[in-house]
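Survey of secondary and tertiary structure
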Amino acid sequence: MSPLAVHSVESDIEWLSRDSCSSYCEQRRDKMQKDEEALQLMRDELMRTQKETIVQGLCKLNKDVKKLSMKEFNSTFGCDIVELIRKQMMA
């Protein structure tokens, strides 16, 4: 919502009226709750997509790479695969 839209809505509120203020606060709470729910849905979808991408990437690995132990993988590619996956899942 643009600052101008907020300002025009706020100018319609009777700040000295308890009912008017309560109504405004309730509307803001409802909007905030809907925004939170939308963000949670978006987060869940992004996490699901991220996990699917990781699994698909792992499936495309060469068989020789898939057969490497974690220690061999880390020394061959110069990284800590467990830590990389942990960071990716936490992001």
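Residues numbered from 1 in each chain as written. Predicted model: local features only at pLDDT ≥ 70, side-chain atom pairs only at ≥ 80, totals over all residues. Heavy atoms only, no water.

**A look at the overall build of the protein chain**
- Tallying secondary structure elements over the protein chain gives five helices and zero strands in all.
- For the protein chain, the sequential pattern of α-helices and β-strands runs α-α-α-α-α.
- Scored against the burial criterion, the 91 residues of the protein chain give a buried share of 7%.
- Summed over all atoms, the accessible surface of the protein chain reaches about 8,100 Å², with 59% contributed by carbon and sulfur. (Helix = DSSP H or I, 4+ residues; strand = E, 2+ residues; numbered from the N terminus. Buried < 20%, exposed > 50% of the residue type's maximum accessible area, 1.4 Å probe, protein only. Areas by Shrake-Rupley, 256 points an atom, 1.4 Å probe, with all protein chains shown as cover.)

**A few points about the packing of aromatic side chains**
- Scanning the model with the defined rule gives two aromatic pairs in all.
- Where Trp15 meets Tyr24, the ring centres are 5.8 Å apart and the plane angle is 75°; that geometry is what we call edge-to-face.
- Under the relative-accessibility criterion, Trp15 is labelled partly exposed at 48%.
- Since its relative accessible area comes to 15%, Tyr24 is described here as buried.
- Where Phe73 meets Phe77, the ring centres are 4.6 Å apart and the plane angle is 40°; that geometry is what we call tilted. One end of the pair is Phe73 and the other is Phe77, both in helix H4 (residues 70-77) and four residues apart, which spans about a single turn.
- Given the relative accessible area of 17%, Phe73 is considered buried. (Phe/Tyr/Trp six-rings, centres within 6.5 Å; stacked < 30°, edge-to-face > 60°.)

**Overview of the pattern of salt bridges**
- Tallied over the entire structure, the rule returns five salt bridges.
- As a salt-bridge pair, Asp44 and Arg43 come within 2.9 Å of each other at their nearest N and O atoms.
- Between Glu45 and Arg48 there is a salt bridge, and its shortest N-O distance comes to 3.0 Å. Placement of both Glu45 and Arg48 in helix H2 (residues 18-59) is noted, with a separation of three residues, approximately one turn of the helix.
- For Arg48, a relative accessible area of 45% corresponds to the partly exposed category. (Salt bridge = Lys/Arg side-chain N within 4 Å of Asp/Glu carboxyl O.)

**Side note on the confidence of the model for the protein chain**
- When the pLDDT values of the protein chain are averaged, the result is 85; 87% of them are 70 or greater.
- Mean pLDDT values over the elements of the protein chain span from 51, in helix H1 (residues 3-11), up to 92, in H2.
- Low pLDDT, under 50, characterises residues 1-7; the predicted model gives this stretch three contacts beyond four residues in sequence or across chains. (pLDDT = per-residue confidence, 0-100. Contact = heavy atoms within 4.5 Å.)

**Examining H2**
- The terminal C-alpha atoms of H2 lie 61 Å apart, and with 42 residues this matches the ideal 62 Å at 1.5 Å per residue to within 8%.
- Buried within H2 are the following residues: Cys21, Tyr24 and Gln50. (Expected span 1.5 Å × (residues − 1).)

**A word on a nonpolar patch on the surface**
- Together, Leu39, Met42 and Leu46 make up an exposed nonpolar region whose accessible area comes to about 330 Å².
- Turning to its location among the elements, Met42 is positioned in helix H2. (Patch = residues over 30% accessible without salt bridge, like charges linked within 9 Å, V, L, I, M, F, W, Y side chains within 5 Å.)

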